[in-house]
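# Tertiary structure, described
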Amino acid sequence: MGDGPAPGLWPRLHGLVPALGSGLASGTANGSVPTPPPLRLRPSAGRQPGNGNGIGIGTGSGPTMGGWRDMSAEELEDHYSPSRWSPRLDRDTIIDAHLAVTAAGTERARASGQTLLHVPYGDGDGEKLDIYFPTDPSETFPALVYIHGGYWQCLSKDDSGFAAPPLVSQGVAVVAVGYDIAPKGHMDTMVLQVRRSLVFLVEHYPRIRGIYLCGHSAGAHLAAMVLSTDWTEFQVVPDIKGVVLVSGLYDLEPILHTYVNDALNMSWEVAQRNSPMRHVTPAVPAACEVLMAVAQHDSPEFRRQSQEYSQALRAAGWSVSVLDLAGVDHFDVIERLSEDSYVLTQVILNMISRAR
């Protein structure tokens, strides 16, 4: 499969094979790009084990933005290795378990509903959608557009239909978006592909009234980048009513200094250009609602990024709700969207019902 994980990638995503990059530190993101100062990571002092509670959302505790620069290389790798923070399973099995759960859930969703699979929204190999239609569709219906995670270098839409059953049963379509993952896909390309997938839905599925984006991890980053889109370039303005960002990353600069960038090969300029934190636009009167969800057992850095991005959006006038989900980690925080009774499933359905 063209957008599946590359051989040997899973051990790296477990954080078992760290490779500190030579990336650069922060600067401004507008106009000319200044020469960034060199990064100074302090020598490793050994891993500081997490207690699973991370940084309290909205409390202001924990490091401020840029505090990651004071971490050792080893600590930085740990904080951006989600599999190391789950109390459920060890890091050698949790990603395989995540793959199994999402694949089985997607298989069930495909078997039980009306679908259109592998719908091309462009000419690229990865530019395809899977559409799960409402069980009993009305004349028009809302759609949840799901953008998968996988650190921009693994997973695919073919494992992304697991959340469909609770939604389609309530009259909501679910669209799983495929995009060209690294190393084939460049970060700029992935961001553009997600935007183009929304334009395609508007142009080809007029029965969809109201789009709700939902992204997990790297997919939350891609969904957040949609918020800063200049839609005049596309001559279409999707009716985005809500955005659900689950355990995402919104400042890519720390990633430059971790194993994650081995496949992405991002420069400092690319990371700045594609960091939602660097491109928060003032909310317009009709701006969509944003829901920021974070797992109790996300790493402190993931929790910090969610906290600071939510604060930046609020400061720019966006309507932002924060949901700190107890008892879940970076993986089952999204897996459980297959459950009707899961709190995040219910919050999403409530968001949609309020706008219908």
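Scroll up to find the structure this text is about.
A brief look at the structure comes next. Everything quoted here is computed from the prediction, not taken from an experiment. Residue positions are counted from 1 within each chain, in the order its sequence is given. Given that the model is predicted, a residue must reach a pLDDT of at least 70 before its local features are reported, and side-chain atom pairs must reach 80 or more before they are shown or counted; all residues, however, enter totals for whole chains, interfaces and linings. Values shown for side chains rest on all heavy atoms present in the structure; no hydrogens or waters enter the calculation.

### Focus: the overall build of the protein chain
Secondary structure follows DSSP: runs of H or I at least 4 residues long count as helices, runs of E at least 2 residues long count as strands, and numbering of each begins at the N terminus. Across its full length, the protein chain holds eleven helices and eight strands. Taken over 356 residues, the protein chain has a buried fraction of 55%. Relative accessible area decides the class of each residue, using a 1.4 Å probe on protein chains only: under 20% of the type maximum gives buried, over 50% gives exposed, and in between gives partly exposed.

### Details of the environment of Ile147
In this structure, Ile147 sits in strand β3 (residues 141-147). Judged by its relative accessible area of 0%, Ile147 is buried. Along the chain, Ile147 and Ala176 lie 29 residues apart, while their C-alpha atoms are 6.3 Å from each other. Residues count as neighbours in contact if any of their non-hydrogen atoms are within 4.5 Å of one another. Discounting residues that sit within four places of it in the chain, Ile147 has contacts with Tyr179, Val194, Cys214, Gly215, His216, Gly219, Leu222 and Ala223.

### Section: the pattern of salt bridges
Each salt bridge in this description consists of a side-chain nitrogen of Lys or Arg and a carboxyl oxygen of Asp or Glu lying within 4 Å of one another. For the structure shown, the criterion picks out 19 salt bridges. Glu253 serves as the salt-bridge partner of Arg69, at 3.2 Å between the closest nitrogen and oxygen. Of this pair, Arg69 sits in the loop between α1 (9-13) and α2 (73-79) while Glu253 sits in the loop between β6 (240-246) and α7 (261-264); the two residues are 184 residues apart in sequence, bridging distant segments of the chain. Overall, the relative accessible area of 23% leaves Arg69 in the partly exposed class. Residue Arg304 is joined to Glu301 by a salt bridge in which the shortest nitrogen-to-oxygen separation is 2.7 Å. Of this pair, Arg304 and Glu301 both sit in helix α9 (residues 300-315), separated by three residues, roughly a single helical turn. As far as the burial class goes, Arg304 and Glu301 line up, both buried. Among the charged side chains, a network of salt bridges with common partners joins Arg69, Asp251, Glu253 and Arg278.

### Things to note about the layout of surface pockets
Empty space among the atoms becomes apparent when a probe as large as a water molecule is rolled across them. If you add up the space inside the largest pocket, you get close to 350 Å³. Think of a 1 Å grid over just the protein atoms. A cavity is a set of points where a 1.4 Å probe fits yet cannot get out, a pocket is an open set with protein on both sides within 12 Å along at least five of seven lines, and lining residues have an atom within 4 Å of a point. Lining the largest pocket are 16 residues; nearest its centre among them are Leu227, Trp231, Val284, Ala287 and Trp318. Under the scheme applied, nonpolar residues are Ala, Val, Leu, Ile, Met, Phe, Trp, Tyr, Cys and Pro; charged residues are Asp, Glu, Lys and Arg; polar residues are all the others, including Gly. Looking at the lining of the largest pocket residue by residue, the class counts come to 13 nonpolar, two polar and one charged. Grid points are joined across faces, edges and corners, and a volume is the space filled by probe spheres set on the points.

### Some thoughts on the sheet that holds strand β5 (residues 208-216)
Ordered by their spatial adjacency, eight strands build an open sheet running β1-β2-β4-β3-β5-β6-β7-β8, and the pairing between neighbours is mixed. In this open sheet, the two strands that pair with only one neighbour each are β1 (115-120) and β8 (319-329). Taking each pair of neighbouring strands and ignoring which way they run, the sheet shows an average axis angle of 20°. Here β3 runs beside β5; their pairing, made up of six bridges, is parallel. Following the sheet pairing, Val145 is matched in β5 by Leu213. Along the sheet face, helix α5 (residues 187-204) touches β1, β2 (128-132), β3, β4 (173-177), β5 and β6 and points at about 160° away from the line of β5. When DSSP finds two or more bridges between a pair of strands, those strands are recorded as paired. Throughout, an axis means a line fitted to C-alpha atoms (over the contacting stretch in the case of helices), and angles, computed between N-to-C directions, take values from 0 to 180 degrees.

### Brief notes about α9
Any helix carries an expected span of 1.5 Å times its number of residues minus one. For α9, spanning 16 residues, the distance from its first C-alpha to its last is 22 Å, which sits close to the expected 22 Å at 1.5 Å a residue. Here α9 lies mainly inside the structure; twelve of its 16 residues are buried. Every buried residue belonging to α9 is among Pro300, Glu301, Phe302, Arg303, Arg304, Gln305, Ser306, Gln307, Glu308, Tyr309, Ser310 and Leu313, and all of these are buried. Of the surrounding secondary structure, the elements contacted by the buried residues of α9 are α2, α6 (218-226), β6, β7 (289-297) and β8. Positive backbone phi, at 95°, marks Gly317, one or two positions downstream of α9.

### Looking at the pairing of β5
Counting buried positions along β5 gives eight out of nine residues, so the element sits mostly inside the fold. Bridge analysis of β5 against β6 gives six bridges, and the strand direction is parallel. Bridge pairing in β6 links His216 to Val246.

### Notes on the packing of aromatic side chains
By convention, a stacked pair of Phe, Tyr or Trp rings (six-membered ring in the case of Trp) has centres within 6.5 Å and planes under 30 degrees apart, an edge-to-face pair has planes over 60 apart, and any other such pair is tilted. One pass over the full model with this rule turns up eight aromatic pairs. Taking the centre distance of 6.5 Å and the plane angle of 90° together, the rings of Phe133 and Phe141 count as edge-to-face. Both residues of the pair, Phe133 and Phe141, belong to the buried class. When the ring of Tyr151 is compared with that of Trp152, the centres are 5.8 Å apart and the planes differ by 25°; the resulting orientation is stacked. The pair Tyr151 / Trp152 is uniform in exposure class, with both members buried. Each member of the aromatic cluster is reached from another via a ring pair, and the members are Tyr151, Trp152 and Tyr259.

### Description of the nonpolar core
As used here, the term nonpolar core means buried Ala, Val, Leu, Ile, Met, Phe, Trp, Tyr and Cys residues forming a set that is joined through side-chain atoms within 4.5 Å. Core analysis: the largest hydrophobic core is formed by 68 residues, its most contacted members being Trp152 and Leu245. Take this core: its biggest share by element is eight residues, from α5. Residues within four places of Leu245 in sequence aside, it is in contact with Gly215, Ala220, Ala223, Ala224, Tyr250, Val290, Leu291, Met292, Ala293 and Tyr309. With 30 residues, the next largest nonpolar core counts Ala109, Cys214, Ala293 and Ile334 among its residues.

### Some points on unusual backbone geometry
Going from Ala182 to Pro183, the amide bond is cis rather than trans, its omega being 5°. By the element assignment, Pro183 lies in the loop between β4 and α5. Look at Tyr151: it is not a glycine, yet its phi comes out positive at around 55°. Along the polypeptide, Tyr151 turns up in the loop between β3 and α4 (164-168). For Tyr151, a relative accessible area of 6% corresponds to the buried category. You will see that Trp152, though not glycine, has its phi angle at about 60°, which is positive.

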